[in-house]
Amino acid sequence: MNTAYLGMPTFPRAAAGSVRDTRLRANLTHATHTIRDKRAAAVAEIDDWARLRQAGKDIKDRTLRHLDHYLLQTERAVTAAGGQVHWAADADEANRIVADLVRATGEREVVKVKSMATQEIGLNEALAAEGVAAYETDLAELIVQLGEDLPSHILVPAIHRNRGEIRDLFREAMGRWGRPAPDTLTDRPSDLAEAARLHLREKFLRAKVAVSGANFLVAETGTVVVVESEGNGRMCLTLPETLISVVGIEKVVPTWQDLEVFLQLLPRSSTAERMNPYTSMWAGVAEGDGPRAFHLVLLDNGRTATLADQVGRQALRCIRCSACLNVCPVYERAGGHAYGSPYPGPIGAILTPQLRGLQSDVDASLPYASSLCGACYEVCPVAIDIPEVLVHLRERVAEEAAGHRRERAGVRAATWLLDHPAAYAAALRAGARTRRLQPERLRLPGAAGSWSASRDLPRMPAASFRDWWRAHRARPRDARHGEGGPGAPPFREGGEAR
Amino acid sequence: MRVALFVTCVNDALYPETGRAVVRLLERLGVEVDFPAAQTCCGQPQYNTGHRRAAEPLLRRTAAAFAGYDHVVAPSGSCVAMVRDGYPRMGDRARAEGRGDALAAAAAALVPRVRELTEFLVDVLGVTDVGAYYPHTVTYHPSCHGLRTLGLGDRPLRLLRAVRGLTLIELPGAEECCGFGGTFAVKNEAVSVAMGRDKVDHALATGADTLCGADNSCLMHLDGLIRRQDAPVRPLHLAEILAGTKADRRPPR
């Protein structure tokens, strides 16, 4: 478990805080709406998007079914290309492997390409504990690192910050890490990018070791693929002498032909680009070009357990495009930090509790961090039915978590009532009889309180539908001929308005 | 044609006017409607909160209550989505758990006959002009389950456009969730309310006097917010607009 996220509050509590942060809300709404609109336009350009999406889903499903085979094929190919493969069962093992590899080089610093896998395992913190400094080179990751902050989006880790905040941060913090930002720095994007470029260039030219993740692993040739937009990743992949790639085992695709599908699905879904700006691919080491040593750390960390769940395993199809975050109304209001994980948003709500397990309160709260509106499923380029997995995981939480004992009892009572129509009708009648006594705006205890804090309670009608039907309709058609519209006595219409 | 009204528990208990409107509307269109009193709730609240096994008796009850009808019509996209999406999944899971095919068979028998109201009007009856009159400005919120799970498309809008006297105004951000989400409304109150307030703000920005929807559960959440802030817009179920005619003694509420 990543120590950076320890002690986080559960999703409802964290989200209640971020909902009140008006600047955060404004930043997120602006950013997510911009990306989602662009994405919709980029996807609409392609006639066969639905078929591409189906192909992406099918390739991933087939690969996951035979994952052992493709991973062994990858290992053979990487080794044949002069690389070395390491298998890591969990975060601790992966961190230890990487730390040992860095220590063996004698270096005390590494440059990093943006990598979700190393965030997942908390590699930067683990390296720091070994006296090794890890420098993030992705612009947004740099912003997060300078601010001693946590990423809040898969693709745009600093989405919660606006330009003014970033300018202030650069001026204040860059000097502590290396080349300082000029005092005259403005919040123009080109100025901010130039300051970051000069700051990072020092790191690129000095570093002997780089750490990357990967978007894909092509099993047939052992090729690692990194897809990025800034070119900073390519610097990390080309200049250092030693390259260590930490890659989740689900990233493998069998062939280059399979890769073709994902290189179409990913850029349009994530950045709304037709083609990705920097797509770097390498296999092992090459004489006179790039790193002299290449290590591939294959990371399990809960993935095999996820694969064993027939409904939940579809989360492993994820290609980390973040389209689901950008359309999610819950993410937009709660912000990425509320999910207590490097994987926020709808995909995080199903991936994190599967990778980490449902034991902690934070992880048990994540499957409920959704209104099940389905927008995430609609945009997912590999058709992960996120609402289906959310409901499935809720079932596991409801059965496993101690905190749900009272809820289970309440649900059982409700089901009994609903399975006995006479008792149900009597309960509705009791509700109707006491309607005058029912408050609309009082602060009520329990679940009703969560409703009534900000919303009026619904007004009870004078009679349920079934009582009206019994009194007025369950008679032969002739007998009610001439009956007026709604509202015939004894059920007056007044007072039944919402 | 034997048609049963699947009124849904929210309408039965809190919004009987919507059920009455469906009856009135369908009878005006020549459909004889029955209401099997053995129906209660589809089990969606249990299922979506993670209590799948607790929802199973309600699947059995719902399927049995509507056996023998050609069509089952519900004024709720959410409950129809539960039947169409959730029931087969519950059946499959029961089978996978070695508990036989009975649940799957009950689901399979019910699913093809259940229609959301606008599906029934447009696809089965083949009407878009139902002879309604509603002299108001209206904006329409398409609830998520109707929009995405059922794919209702423009059926509700086509029905509304044919209503005499009605001015339809497009709702900004219409396809965004209102934040109800069943138990989400209480389990994640803060986010739910933030989403609902944005929806209400969008509705108010249209200047429409009526916020129309086809799911009273979503409208209940929005109405709770609207009444708390005394906002000048009235939530109203689509069926109640479609049921009203000029010949009525008074326009529908």
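Everything below is about the structure shown above.
Reading the values: rules and limits
- Residue indices follow the written sequence of each chain, beginning from 1 at its first position.
- In the order they appear in the text, chains get letters beginning with A and ligands get numbers beginning with 1.
- Local features are withheld for residues below a pLDDT of 70 in this predicted model, meaning they are given only at 70 or higher, and side-chain atom pairs are given and counted only at 80 or more; totals for whole chains, interfaces and linings count all residues.
- Hydrogens and water are ignored here; the side-chain numbers use all heavy atoms of the structure.
- Strands here are runs of E lasting at least two residues and helices are runs of H or I lasting at least four, both read from the DSSP assignment and numbered beginning at the N terminus.
- Residue contacts are defined here by distance: any two heavy atoms, one from each residue, within 4.5 Å place the two residues in contact.
- Here the accessible surface of atoms and residues is derived via Shrake-Rupley with a 1.4 Å probe, and residues count as covered only by protein chains that are part of the display.
- Positive charge is attributed to Lys and Arg, negative charge to Asp and Glu, and no charge count is given to His or to the chain ends.
- A charge is said to be at NZ when it belongs to Lys, at CZ for Arg, at CG for Asp and at CD for Glu.
- To get an axis, a line is fitted to the C-alpha atoms, and for a helix only the part in contact is used. The angle between two axes follows their N-to-C directions and goes from 0 to 180 degrees.
- In this scheme the crossing of two helices becomes right-handed for a clockwise turn of the near helix relative to the far one and left-handed for an anticlockwise turn of less than a right angle.
- Residues are sorted three ways: Asp, Glu, Lys and Arg are charged, Ala, Val, Leu, Ile, Met, Phe, Trp, Tyr, Cys and Pro are nonpolar, and all the rest, Gly among them, are polar.
- Two N or O atoms count as a polar contact when they lie within 3.5 Å, although within protein this holds only if one can serve as hydrogen donor and the other as acceptor, and sequence-adjacent residues are included solely when both atoms are side-chain atoms.
- Here the term cavity refers to a set of points on a 1 Å grid, laid over the protein atoms alone, in which a 1.4 Å probe fits but cannot get out; the term pocket refers to an open set having protein on both sides within 12 Å along at least five of seven lines, with lining residues being those that place an atom within 4 Å of a point.
- Grid points are joined across faces, edges and corners, and a volume is the space filled by probe spheres set on the points.
- Pairing between strands is defined by DSSP: at least two bridges between them are needed.
- Note that the term roughly parallel is reserved for angles under 35 degrees, roughly antiparallel for angles over 145, roughly perpendicular for angles of 65 to 115, and oblique for everything else.
- Once two parts are brought into contact, the accessible area they lose, counted with a 1.4 Å probe and summed over both, makes up the buried area.
- By definition here, a salt bridge exists when the distance from a side-chain nitrogen of Lys or Arg to a carboxyl oxygen of Asp or Glu is within 4 Å.
- When a residue's accessible area, from a 1.4 Å probe over protein chains only, is under 20% of the maximum for its type it is buried; when over 50% it is exposed; and in between it is partly exposed.
- Residues belong to one nonpolar core when they are buried, are Ala, Val, Leu, Ile, Met, Phe, Trp, Tyr or Cys, and are joined through side-chain atoms within 4.5 Å.

Some words on the overall build of chain A
Broken down by element type, chain A carries 23 helices and ten strands. Overall size of chain A, expressed as C-alpha extent along the three principal axes, is 95 × 55 × 45 Å. Long-range pairs, those at least 24 residues apart, make up 72% of the contacts in chain A between residues at least 6 apart in sequence. Accessible surface computed for chain A: about 20800 Å², of which carbon and sulfur atoms make up 53%. Side chains of chain A carry 64 positive and 61 negative charges; the gap between the two charge centres is 8 Å.

Points about the packing of helix 4 (residues 52-65) of chain B against helix 5 (residues 77-96) of chain B
All names here are of chain B. Direction vectors running N to C along helix 4 and helix 5 enclose 115°, while the axes themselves pass 11 Å from each other. In the packing of helix 4 onto helix 5, the handedness of the crossing is left-handed. Between helix 4 and helix 5, the contacting residues are Arg-52, Ala-55, Glu-56, Leu-58, Leu-59 and Thr-62 on the first element and Tyr-87, Met-90, Arg-93 and Ala-94 on the second. Across the contact of helix 4 with helix 5, the residue classes tally to six nonpolar, one polar and three charged.

Points about the environment of Asp191(A)
Residues and elements named next belong to chain A. In this structure, Asp-191 sits in helix 10 (residues 189-206). Asp-191 sits 124 residues away from Leu-67 along the chain, and the two C-alpha atoms are 46 Å apart. The contacts of Asp-191, once residues within four sequence positions are left out, are Leu-185 and Thr-186. A distance of 2.7 Å separates a polar atom in the side chain of Asp-191 from a polar atom in the side chain of Thr-186.

With respect to empty space enclosed by the protein
Residues and elements named next belong to chain A. For the structure shown, the criterion picks out four cavities of 30 Å³ or more. Considered as a void within the structure, the largest cavity measures approximately 100 Å³ in volume. Lining of the largest cavity is provided by 13 residues; of these, Cys-328, Pro-346, Ser-370, Cys-373 and Cys-376 occupy positions nearest its centre. Of all the elements in the fold, those that place two or more residues in the lining of the largest cavity are helix 15 (329-334) and helix 18 (375-379). Counted as a void, the second largest cavity has a volume near 80 Å³.

Here we look at the sheet that holds strand 3 (residues 133-136) of chain A
Residue and element names in this part refer to chain A. Ordered by their spatial adjacency, six strands build an open sheet running 1-10-7-4-2-3, and the pairing between neighbours is parallel. A strand with exactly one partner marks an edge of an open sheet, and here the two such strands are strand 1 (84-88) and strand 3. Within this sheet the neighbouring strands show an average axis-to-axis angle of 25°, counted without direction. Relative to strand 10 (residues 293-299), strand 7 (residues 242-248) is paired through seven bridges, and the arrangement is parallel. Counted as the bridge partner of Val-247 is Leu-298 from strand 10.

What about the packing of helix 23 (residues 465-472) of chain A against helix 2 (residues 16-28) of chain B?
Put simply, helix 23 of chain A and helix 2 of chain B touch, their axes get as near as 8 Å, and they point 45° apart. Classed by the angle they form, the pair helix 23 of chain A and helix 2 of chain B counts as oblique. Along its contact with helix 23 of chain A, which presents Phe465(A), Trp468(A) and Trp469(A), the element helix 2 of chain B presents Pro16(B), Gly19(B), Arg20(B) and Val23(B). By residue class, the composition of the contact of helix 23 of chain A with helix 2 of chain B is five nonpolar, one polar and one charged.

Side note on the interface of chain A and chain B
By a frequent convention, interface size equals the accessible area lost on bringing the separate parts together. At the junction of the two partners, chain A supplies 72 residues and chain B supplies 75 residues. Of the roughly 6500 Å² buried between chain A and chain B on both sides combined, carbon and sulfur atoms contribute 53%. Where chain A packs against chain B, one counts 14 salt bridges. For Arg52(B), the salt bridge identified is with Glu395(A), shortest N-O distance 2.7 Å. At the boundary of chain A and chain B, one finds 34 residue pairs in polar contact (both at pLDDT 80 or more). Of all the elements, helix 19 (residues 386-400) of chain A adds the most residues to the side of chain A that touches chain B, at six residues.

A few points about the pattern of salt bridges
This model, assessed by the stated rule, comprises 56 salt bridges over all chains. Of the charged contacts, one joins Arg93(B) and Glu395(A) as a salt bridge, the two residues approaching to 3.8 Å between their closest N and O atoms. Residue Arg93(B) is located in helix 5, and its partner Glu395(A) is located in helix 19; the two belong to separate chains. Take Glu395(A): its relative accessible area is 7%, and that puts it in the buried class. Between Arg53(B) and Glu97(B) there is a salt bridge, with its nearest N and O atoms 3.9 Å apart.

Details of the environment of Arg292(A)
All names here are of chain A. Tracing the backbone through its elements, the reader meets Arg-292 in the loop between strand 9 (278-282) and strand 10. Sequence separation between Arg-292 and Ala-413 is 121 residues, and the spatial gap between their C-alpha atoms is 67 Å. Setting aside residues up to four positions removed in sequence, Arg-292 forms contacts with Glu-241, Val-285, Ala-286 and Glu-287. Among the polar contacts listed, one links the side chain of Arg-292 to the backbone oxygen of Ala-286, at a separation of 3.1 Å. Within the structure, Arg-292 has its side chain in polar contact with the backbone oxygen of Gly-290 (distance 3.0 Å).

A word on the sheet that holds strand 3 (residues 71-74) of chain B
All names here are of chain B. What the four strands build is an open sheet, ordered 2-1-3-4; its pairing is parallel. For this open sheet the edge positions go to strand 2 (33-34) and strand 4 (114-116), each flanked by a neighbour on one side alone. Here two bridges tie strand 1 (residues 3-5) to strand 2, and the two strands are oriented parallel to one another. Residue pairing across strands places Ala-4 opposite Asp-34, the latter belonging to strand 2. Helix 5 rests against strand 3 and strand 4 of the sheet, and its axis sits at about 150° to strand 4. Against the sheet, helix 7 (residues 117-124) engages strand 1, strand 3 and strand 4, with an angle of about 100° to strand 4.

Here we look at the nonpolar core
A general tendency of soluble globular proteins is for nonpolar side chains to be buried together. Counting residues in hydrophobic clusters, the biggest one holds 140 residues, and the most contacted among them are Phe11(A), Phe170(A), Phe216(A), Ile347(A), Ile350(A) and Tyr87(B). Beyond its immediate sequence surroundings of up to four residues, Ile347(A) is in contact with Ile154(A), Ala315(A), Cys318(A), Cys324(A), Leu325(A), Thr352(A), Ile384(A) and Ile386(A).

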